[in-house]
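# Understanding the architecture of this molecule
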Amino acid sequence: GESVGLHLPTLSVQEGDNSIINCAYSNSASDYFIWYKQESGKGPQFIIDIRSNMDKRQGQRVTVLLNKTVKHLSLQIAATQPGDSAVYFCAVAGGTSYGKLTFGQGTILTVHP
Amino acid sequence: EAGVAQSPRYKIIEKRQSVAFWCNPISGHATLYWYQQILGQGPKLLIQFQNNGVVDDSQLPKDRFSAERLKGVDSTLKIQPAKLEDSAVYLCASSFQVSGANVLTFGAGSRLTVL
């Protein structure tokens, strides 16, 4: 089955810095990748997604990079703000998963003013 | 558009008691998911419905958990009898598509504490 891991469980940055959150996955058949943000007491909220036919996708202040060779993806947040403090999850889907997302454990991002 | 509604937000029960959670997905979303999120972990899929049919329930502990989506809209998740390890947040999510690139929209979750 799919397993999804993260390189660091916590990340602490200063306001204005750029943040990079990493994620590794195990199933080479995975073809859809998504990042969610979860604030305390709330459900996960969609940030950005990327399909396996791309290696980079940009949103507003966020960029997702996908390296299928080493089965790794990352989320970059530019000019990190205190409101970005949350837990960030990567999730992957693909193969015969019928839309099923497998989530990683999460990275706690803390932004200091 | 209205989001995914869940209730109750919080529930405290003793082990061996039963509990039920309710979910109302986004209007028009055919696919509904129940995830279990234990503290400090990522969500884990329990069951996936397409309309009122089950697509995937491979990780649902069927000896104690049950879920239904009778009319293809609302869904209930029941636990009977509850165990201490069932303490978690139960997240409901819905999506428009069944498969492929599929953004799930989550509700706020129902936090269960089993004493």
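Within every chain, residues take consecutive numbers counted from 1 along the sequence as written. The naming scheme follows written order: chains are lettered A onward, ligands numbered 1 onward. Totals for whole chains, interfaces and linings use all residues, but because this is a predicted model, local features are given only for residues with pLDDT of at least 70 and pairs of side-chain atoms are given and counted only at 80 or more. Based on all heavy atoms of the structure, the side-chain values leave hydrogens and waters out of the count.

### Some words on the sheet that holds strand S1 (residues 5-7) of chain B
Within a sheet, neighbouring strands are paired by backbone hydrogen bonds and run either parallel or antiparallel to one another. All names here are of chain B. Pairing between two strands is assigned when DSSP locates at least 2 bridges connecting them. Counting from the N terminus, the helices are the DSSP runs of H or I reaching at least four residues and the strands are the DSSP runs of E reaching at least two. The strand order across the open sheet built from 4 strands is S1-S3-S8-S7, with neighbouring strands paired in antiparallel fashion. For this open sheet the edge positions go to S1 and strand S7 (65-68), each flanked by a neighbour on one side alone. With direction set aside, neighbouring strand axes in the sheet form an average angle of 15°. For helices, the axis comes from a line fit to the C-alpha atoms of the stretch in contact; other axes are also lines fit to C-alpha atoms, and the angle between any two N-to-C directions lies between 0 and 180 degrees.

### Focus on the packing of aromatic side chains
Residues and elements named next belong to chain A. Stacked, tilted and edge-to-face are the three classes applied to pairs of Phe, Tyr and Trp rings, where Trp contributes its six-membered ring and a pair requires centres within 6.5 Å; stacked means planes under 30 degrees apart, edge-to-face means over 60, and tilted covers the rest. Under the criterion given, the structure shown has 10 aromatic pairs over all chains. Relative to Phe103, the ring of Phe89 lies with its centre 6.2 Å away and its plane at 80°, an arrangement referred to as edge-to-face. Residue Phe89 is found in strand S9 (residues 86-94), and its partner Phe103 is found in strand S10 (residues 102-103); the two are separated by 14 residues along the sequence. Just as Phe89 is buried, Phe103 falls in that class too. Burial classes: relative accessible area under 20% of the type maximum marks a residue as buried, over 50% as exposed, and values in between as partly exposed (1.4 Å probe, protein chains only).

### What about the interface of chain A and chain B?
The accessible area lost on association of the parts is a frequent measure of interface size. Two residues form a contact once any of their heavy atoms are found within 4.5 Å. Listed per partner, the contact involves 20 residues of chain A and 24 residues of chain B. Between chain A and chain B lies a buried interface of about 1600 Å² when both sides are counted; carbon and sulfur atoms form 57% of it. Definition used for salt bridges: Asp or Glu carboxyl oxygen within 4 Å of a side-chain nitrogen of Lys or Arg. Our count for the chain A to chain B interface comes out at 0 salt bridges. For this analysis, a polar contact is any N or O atom pair within 3.5 Å, provided that within protein one partner can donate a hydrogen and the other can accept it, and provided that sequence-adjacent residues contribute only side-chain to side-chain pairs. Linking chain A with chain B are 4 residue pairs in polar contact (both at pLDDT 80 or more). For the side of chain A that touches chain B, the elements supplying multiple residues, two or more each, are strand S4 (30-38) and strand S5 (45-51) of chain A. Considering every element that reaches the side of chain A that touches chain B, the biggest residue donor is S4(A), with 4 residues. Classification used: nonpolar for Ala, Val, Leu, Ile, Met, Phe, Trp, Tyr, Cys and Pro, charged for Asp, Glu, Lys and Arg, polar for all others including Gly. Across the side of chain A that touches chain B, the residue classes break down as 9 nonpolar, 7 polar and 4 charged. By buried area we mean the combined loss of accessible area, with a 1.4 Å probe, across both parts when two parts are placed together.

### Examining the state of the cysteines
Residue and element names in this part refer to chain A. When the sulfur atoms of two cysteines come within 2.5 Å, that pair is taken as a disulfide. Following the criterion strictly, the structure yields 2 disulfides over all chains and no others. Each disulfide pairs two cysteine sulfurs, and for Cys23 the partner residue is Cys90, the sulfurs being separated by 1.7 Å. Measuring handedness by torsion sign, the sulfur bridge of Cys23 and Cys90 sits at about 45° and is right-handed. Taken together, the residues Cys23 in strand S3 (residues 19-25) and Cys90 in strand S9 connect sequence positions 67 residues apart.

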